[in-house]
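# Architecture and fold: a report
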Amino acid sequence: YDHVGYGGSNSLSPDTKEVHNGADDNASGTVALIELARRFAKSDNPPPRRMVFIAFTAEELGLIGSAHYVKEPVFSLEKTVAMFNMDMVGRLNEDKNLTVFGTGTSSRWKSLVIKETEASGFKLSMQPEGFGPSDHSSFYGKQIPVLHFFTGTHADYHKPTDDVEKINLEGI
């Protein structure tokens, strides 16, 4: 999901046709999504509302998967209270830098993000904007509050070197 395959026009190594595994962009987000779904499914205290776990494809080609979903949702967008996006969450560094986009898309986000991350030791960079280069933009375009979690870009972004050895599994 959300990687550039053999490269092509989205690759930052334009002269290669090597597989771009996309370990951070975005196998890391897909792994986080699956792990959260597993943990919520096993929880003795189910959340008070429906949670939908979705992995979109074709983000790199123009948000095709998420745009299709908001056009033809499985569950009513009027009942969708938020969208959380995890894109490139696999390279949490020693300083625990975490960027959270969308903190201005709901009056509740900023204080909630601070409260829920206090004990984690994250060095937060909170960005209020709801539009950005990932799938949360499709939802924000429909006035749905969003949070997009991101551990930063790196030299392997959109290159064949974005591979599993460089992922911080504990950080995810």
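Residues numbered from 1 in each chain as written. Predicted model: local features only at pLDDT ≥ 70, side-chain atom pairs only at ≥ 80, totals over all residues. Heavy atoms only, no water.

## Topic: the side chain of Glu-60
Its place among the elements puts Glu-60 in the loop between α1 (23-42) and α2 (64-71). With no salt bridge to any partner, buried Glu-60 finds its closest opposite charge in Arg-91, at an N-O distance of 13 Å. Within polar-contact distance, the side chain of Glu-60 engages the side chain of His-158 at 3.1 Å. If near-sequence neighbours (up to four positions away) are discounted, Glu-60 is found in contact with Asp-2, His-3, Val-4, Asn-10, Asp-25 and His-158. (Helix = DSSP H or I, 4+ residues; strand = E, 2+ residues; numbered from the N terminus. Buried < 20%, exposed > 50% of the residue type's maximum accessible area, 1.4 Å probe, protein only. Lys, Arg positive; Asp, Glu negative; His and termini not counted. Salt bridge = Lys/Arg side-chain N within 4 Å of Asp/Glu carboxyl O. Polar contact = N/O pair within 3.5 Å; in protein donor to acceptor, adjacent residues only side chain to side chain. Contact = heavy atoms within 4.5 Å.)

## Remarks on the pattern of salt bridges
Within the structure shown, the criterion is met by six salt bridges. With a closest N to O distance of 3.0 Å, Arg-91 and Asp-156 form a salt bridge. With Arg-91 in the loop between β1 (83-86) and β2 (97-101) and Asp-156 in the segment after β4 (146-150), the pair connects residues that are 65 residues apart, well separated along the chain. With respect to class, Arg-91 is no different from Asp-156; both count as buried. Linking Arg-91 and Asp-162 is a salt bridge whose minimum nitrogen-to-oxygen distance equals 3.9 Å.

## Concerning the environment of Asp-87
Looking at the element boundaries, Asp-87 is found in the loop between β1 and β2. For Asp-87, a relative accessible area of 5% translates into the label buried. Taking the C-alpha atoms as reference points, Asp-87 and Gly-152, 65 residues apart in sequence, are found 9.5 Å from one another. Ignoring any residue separated from it by four or fewer positions in sequence, one finds Asp-87 in contact with Asp-2, Asp-25, Asn-26, Glu-59, Pro-133, Ser-134, His-148, Phe-149 and Phe-150. Polar contacts involving the side chain of Asp-87 include one to the side chain of Ser-134, which spans 2.7 Å.

## Here we look at empty space enclosed by the protein
By the definition in use, this model includes one cavity of 30 Å³ or more. Each pocket or cavity is described by its volume, and for the largest cavity that value is around 50 Å³. Taken together, the residues of the lining of the largest cavity break down into one nonpolar, four polar and three charged. (1 Å grid on protein atoms, 1.4 Å probe; cavity = no way out; pocket = protein on both sides within 12 Å on 5 of 7 lines; lining within 4 Å. Points joined across faces, edges and corners; volume = space filled by probe spheres on them. Nonpolar A, V, L, I, M, F, W, Y, C, P; charged D, E, K, R; others polar.)

## Details of the layout of surface pockets
The space that makes up the second largest pocket amounts to roughly 190 Å³. Looking at the second largest pocket, the residues that line it are Asp-25, Glu-59, Glu-60, Leu-63, Asp-87, Met-88, Phe-101, Pro-133, Ser-134, His-148, Phe-150 and Tyr-157. Tallied by class, the residues present in the lining of the second largest pocket amount to six nonpolar, two polar and four charged.

## Considering the sheet that holds strand β3 (residues 123-127)
What the four strands build is an open sheet, ordered β1-β4-β2-β3; its pairing is mixed. Taken across any chain shown, the strands that pair with only one partner, and hence form the sheet edges, are β1 and β3. Taken pair by pair, the neighbouring strands of this sheet meet at an average axis angle of 20 degrees, ignoring direction. Across the sheet, helix α3 (residues 109-117) lies against β1, β2, β3 and β4, angled at about 165 degrees from β3, the strand it touches most. (Pairing = 2+ DSSP bridges. Axes fitted to C-alpha atoms, helices over the stretch in contact; angles between N-to-C directions.)

## Let's talk about the nonpolar core
Counting eight residues, the largest nonpolar core is built from Phe-56, Tyr-69, Val-70, Leu-77, Met-83, Phe-139, Ile-144 and Val-146. Sequence-distant contacts of Met-83, defined by excluding residues within four places in its chain, comprise Phe-56, Asp-135, His-136, Phe-139, Ile-144, Pro-145, Val-146 and Leu-147. In this structure, Val-100, Trp-109, Val-113 and Leu-147 belong to the second largest nonpolar core, which totals five residues. (Core = buried A, V, L, I, M, F, W, Y, C linked by side-chain atoms within 4.5 Å.)

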